[in-house]
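# Geometric and topological summary
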Amino acid sequence: MKALTFQGVRDVRVTDAPDPVLREPTDALVRVELAAICGSDLHPFRGHERGLDAGTVLGHEFQGEVIAVGSAVERWRPGDRVVAPFSTSCGQCAACARGLTSRCERGQLFGWVQGGHGLHGGQAELVRVPLADGSLVRIPDGTDPALLFAGDILSTGMFLAELGEVSPGSTVAVIGCGPVGLMAILAARARGAAQVFALDVLPERLALATEFGATAVHAADRSARPKGVDAALEAVGSPESTRLAYDVVRAGAVIAAAGVHTEERFAITPGEVYDKNLTYRAGRAPARRFMEAALDLGRRAGVARIVSHRLPLAEAREGYRIFDERLDRATKVLLEP
Ligand SMILES: [Zn+2]
Ligand SMILES: [Zn+2]
């Protein structure tokens, strides 16, 4: 099959890769119809996260059609149309029972193979999905990106709003209006937030934030920043964004973080947390728990408008370059096998 494979830092290529096969009785094979490049795909691409094997098929946002299932798969048959969360989950272990599917005892991230162990991703013609019964969610016909987004960015945005305890009447600051931040705006509004401030520096992102009902604030304009919001939803994953979140929340607020942080120290000190009586919550979104609700919210809210590029899989290398360098106002890049 054709697949986008990681070769090294800033080196991804569409290559021939071995066709995936059913390995476990709980596996399914999915023919990918639509995939996307996620901001977190840029971490290994840029060398911020290390350890990925050369030859790893990247990608953890995909939807498609089931073409084969293992003998223990009960929910799926060939021909079923599905979307996957970015990591697999069994639905039965203690973490899954608690709703923390992203920390499933048997779960794996798509698109991460290290030292020969791990799971290839979905920027490919075919993908193997372990724990298919627990992981996959049914979708209707068609390749509406709203369906795809339920598996990662929209579920992550909903998780952020939950972590931030956003409730009717809340005031919220969303730090960073990339795809996850934009989805967090929608999620906060769906939970009844009275006002959502959207902080970024890129005009095209602020414009989308406004379309989704937020009050756009240029993050570099100190005088325009909100003061004393109930929750900051930090969707970047950098020390600067943590600092910005700290600056805009009220005492007793929650800072919720869903970006992948790669720095070694907290940008705020224990004393600063004490001085504002803050709660800081972070972690990998348990996307699977949110997916059914995300499918519904995504279609109602018209999330497909964040898509800036739709390329054939064969041009995925160019897609990474466009997304990495934010060329041509790139917001979200889709790949079609
Ligand atoms: Zn992702
Ligand atoms: Zn589990």
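Presented here is a report on the structure given in the accompanying data block. As the structure is a prediction and not an experimental result, all values here were calculated from the model. (Residues numbered from 1 in each chain as written. Chains lettered and ligands numbered in written order. Predicted model: local features only at pLDDT ≥ 70, side-chain atom pairs only at ≥ 80, totals over all residues. Heavy atoms only, no water.)

### Comments concerning the overall build of the chain
- When helices and strands are counted, the chain shows eleven helices and 17 strands.
- A principal-axis box enclosing the C-alpha atoms of the chain has dimensions of 55 × 40 × 40 Å.
- Relative to its full complement of 337 residues, the chain shows a buried share of 55%.
- In the chain, the proportion of contacts linking residues at least 24 apart, taken out of those at least 6 apart, comes to 70%. (Helix = DSSP H or I, 4+ residues; strand = E, 2+ residues; numbered from the N terminus. Buried < 20%, exposed > 50% of the residue type's maximum accessible area, 1.4 Å probe, protein only. Contact = heavy atoms within 4.5 Å.)

### Some points on the coordination of the zinc ion (ligand 1)
- In the first shell of the zinc ion (ligand 1), the protein supplies Cys 38 (SG), His 60 (NE2) and Asp 152 (OD), at 1.9 to 2.2 Å from the metal.
- Spacing between the donor residues of the zinc ion (ligand 1) along their common chain follows C-x21-H-x91-D. Of this pair, His 60 sits in the loop between helix 1 (42-46) and strand 4 (61-69) while Asp 152 sits in the loop between helix 4 (145-149) and helix 5 (153-163), placing them 92 residues apart in sequence.
- For His 60, a relative accessible area of 8% puts it in the buried group. (Donors = N, O, S within 2.8 Å, 3.2 Å for Na, K, Ca; no water.)

### Comments concerning the sheet that holds strand 14 (residues 249-257)
- Read across the open sheet, the six strands follow the order 12-11-10-13-14-15; overall the sheet is parallel. Pairing within the sheet leaves two strands with one partner each, and these edge strands are strand 12 (215-218) and strand 15 (279-282). This sheet shows a mean twist of 20 degrees between the axes of neighbouring strands, independent of strand direction.
- Sheet topology places strand 10 (residues 171-175) next to strand 11 (residues 195-200); five bridges connect them, and they run parallel. What sits directly across from Thr 171, in strand 11, is Gln 195.
- Each of strand 10, strand 11, strand 13 (229-234), strand 14 and strand 15 touches helix 8 (residues 239-248); the most contacted strand, strand 14, lies at about 150 degrees to it. (Pairing = 2+ DSSP bridges. Axes fitted to C-alpha atoms, helices over the stretch in contact; angles between N-to-C directions.)

### Quick notes on the pattern of salt bridges
- Under the definition given, this model contains 22 salt bridges.
- For the salt bridge of Glu 211 with Arg 305, the shortest nitrogen-to-oxygen distance reads 3.1 Å. With a gap of 94 residues between them, Glu 211 in helix 7 (residues 203-211) and Arg 305 in the loop between helix 10 (287-301) and strand 16 (309-312) connect regions that are remote in the sequence.
- The network of salt bridges with shared partners includes Arg 31, Glu 33, Glu 65, Arg 81 and Asp 141. (Salt bridge = Lys/Arg side-chain N within 4 Å of Asp/Glu carboxyl O.)

### Notes on the coordination of the zinc ion (ligand 2)
- Listed as protein donors to the zinc ion (ligand 2) are Cys 90 (SG), Cys 93 (SG), Cys 96 (SG) and Cys 104 (SG); their distances from the metal cover 2.3 to 2.4 Å.
- One can describe the site at the zinc ion (ligand 2) as tetrahedral: its four donor atoms subtend angles covering 103 to 118 degrees at the metal.
- Between consecutive donors of the zinc ion (ligand 2), the numbers of intervening residues give the motif C-x2-C-x2-C-x7-C. The same class applies to Cys 93 and to Cys 96, which are both buried. (Tetrahedral: all angles 85-135°; square planar, octahedral: opposite > 155°, others 65-115°.)

### Some details on the pairing of strand 15
- Pairing between strand 14 and strand 15: four bridges, direction parallel. Pairing of Ala 256 across the sheet is with Arg 281, part of strand 15.

### With respect to the nonpolar core
- Counting residues in hydrophobic clusters, the biggest one holds 53 residues, and the most contacted among them are Leu 182, Met 183, Ile 185 and Leu 233.
- Per element, the largest residue contribution to this core is eight residues, and it comes from helix 6 (residues 179-190).
- Leave out the neighbours within four places in its chain, and Leu 182 touches Cys 177, Arg 205, Leu 208, Ala 209, Phe 212, Ile 306 and Thr 331.
- Judged by nonpolar contacts, the second largest core, of 33 residues, contains Val 12, Val 30, Ala 35 and Ala 132. (Core = buried A, V, L, I, M, F, W, Y, C linked by side-chain atoms within 4.5 Å.)

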